[in-house]
Amino acid sequence: MKLTYSIKSVLRPDKKKADGTIPIYFSVRVGPYTTRMPTGKFTFMKDWNVKDNCPKKNCKANQLLASYLAQKLSAWELYMLELETLGKPITITVATNYFKENTKVTLYSFFEEQIRLWEESKQRCTLKSYQSTLNVLRQYSPKLNFGDLSYEFLQRWDLHMSKVRGNAIGGKFTRHKCLKAIINEAIK
């Protein structure tokens, strides 16, 4: 059974602040489950369009707030469509994790997880090659992420392995091969 999902912005009048502002939350629904995620934004009840679940566009600040919320809602829906297209299961946890910064997948966290997943299916010496490649990458660029990978980065990393680490062609080839395999797994 395919689960349906939706999102909308809502006010939480039960959490009204002393200054009269009310927090804005995202109401996320996946199948029969609904939860609310804080946006970190606040508004007054008089500035909220209850029918459309968005700020009234009666001043510049409200227009910007409405634009911000619309962009977040649109980005979430795009993320969910990407997951659906990839055939990934959509659960309430997956849907709400989009808003949690600490759950974003980084290159190194993906690399480590992939090595753990391969522990049963790959030879121990192969896993050592992947772990070694991970360690060399971390040493060279501690904050490397998927978006930082480029042809120029790979050339600089290759030069680093030659000049600083003293790796021969075979050693560099193995490291490039391991990184390529990880990138291909991430694409899948």
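Whatever comes next refers back to the structure up there.
Quick caveat, the model's predicted, so the values are computed rather than measured. (Residues numbered from 1 in each chain as written. Predicted model: local features only at pLDDT ≥ 70, side-chain atom pairs only at ≥ 80, totals over all residues. Heavy atoms only, no water.)

A. The overall build of the protein chain, seen in detail. Secondary structure assignment for the protein chain yields six helices and five strands. Ordering the α and β elements of the protein chain from the N terminus gives β-β-β-β-β-α-α-α-α-α-α. Over its C-alpha trace the protein chain gives a radius of gyration of 23 Å, far above what one expects of a compact globule, namely 16 Å for 188 residues. Principal-axis analysis of the C-alpha atoms gives the protein chain an extent of 70 × 40 × 30 Å. A total of 188 residues make up the protein chain; the buried ones form 32% of that total. The long-range share in the protein chain, meaning contacts at least 24 apart out of those at least 6 apart in sequence, stands at 46%. As presented, the protein chain carries roughly 12200 Å² of accessible surface, and 54% of it is formed by carbon and sulfur atoms. Across the protein chain, the mean location of the 32 positive side-chain charges is 2 Å away from that of the 16 negative side-chain charges. (Helix = DSSP H or I, 4+ residues; strand = E, 2+ residues; numbered from the N terminus. Rg over C-alpha atoms; globule rule 2.2 N^0.38 Å. Buried < 20%, exposed > 50% of the residue type's maximum accessible area, 1.4 Å probe, protein only. Contact = heavy atoms within 4.5 Å. Areas by Shrake-Rupley, 256 points an atom, 1.4 Å probe, with all protein chains shown as cover. Lys, Arg positive; Asp, Glu negative; His and termini not counted. Charge placed at Lys NZ, Arg CZ, Asp CG, Glu CD.)

B. How the structure looks around the state of the cysteines. Enumeration over the complete set of coordinates arrives at zero disulfides. No disulfide involves C54; its sulfur sits 13 Å from that of C59, the nearest cysteine. (Disulfide = S-S within 2.5 Å.)

C. Structural context of the packing of aromatic side chains. For the structure shown, the criterion picks out seven aromatic pairs. On the numbers, 4.9 Å between centres and 35 degrees between planes, the contact of Y79 with Y98 is tilted. Residue Y79 is found in helix α1 (residues 60-85), and its partner Y98 is found in the loop between α2 (92-97) and α3 (107-117); the two are separated by 19 residues along the sequence. Judged by its relative accessible area of 26%, Y79 is partly exposed. (Phe/Tyr/Trp six-rings, centres within 6.5 Å; stacked < 30°, edge-to-face > 60°.)

D. Representation of the environment of I22 in the model. Here I22 lies in strand β2 (residues 22-30). C-alpha of I22 to C-alpha of W48: the two residues are 26 residues apart in sequence and 9.8 Å apart in space.

E. Spotlight on the pairing of strand β1 (residues 5-11). Here β1 lies mainly inside the structure; five of its seven residues are buried. Sheet analysis places β1 next to β2, joined by seven bridges and oriented antiparallel. Considered in β2, the bridge of V10 is made with Y25. (Pairing = 2+ DSSP bridges.)

F. Representation of the pairing of strand β3 (residues 33-43) in the model. Of the pairings in the sheet, the one linking β2 to β3 comprises nine bridges and is antiparallel in character. Bridging across to β3, F26 finds its partner in M37. In textbook terms, the turn of a hairpin is the stretch between consecutive antiparallel strands, and for β2 and β3 this stretch comprises two residues, one of which, G31, has a positive phi near 60 degrees.

G. Summary view of α3. Every buried residue belonging to α3 is among L107, Y108, F110, F111, Q114 and I115, and all of these are buried. The buried side chains of α3 occupy one side of the element, clustering within an arc of 160 degrees when seen end-on. Considering only its buried residues, α3 is in contact with α4 (124-140) and α6 (169-187). (Arc of directions from axis to C-beta.)

H. Geometry of the nonpolar core. Ranked by internal contacts, the top residues of the largest apolar core, which has 20 residues, are I7, F26, V28, W76, M80 and F99. At the level of elements, β1, β2 and α1 are the ones that each hand at least two residues to this core. Per-element accounting of this core gives the leading share, six residues, to α1. In contact with F26, not counting residues within four places along its chain, are I7, K8, S9, T35, R36, M37, T39, L69, K72, L73 and F99. F111, I115, L127 and L137 belong to the second-largest nonpolar core, a separate cluster that totals 18 residues. (Core = buried A, V, L, I, M, F, W, Y, C linked by side-chain atoms within 4.5 Å.)

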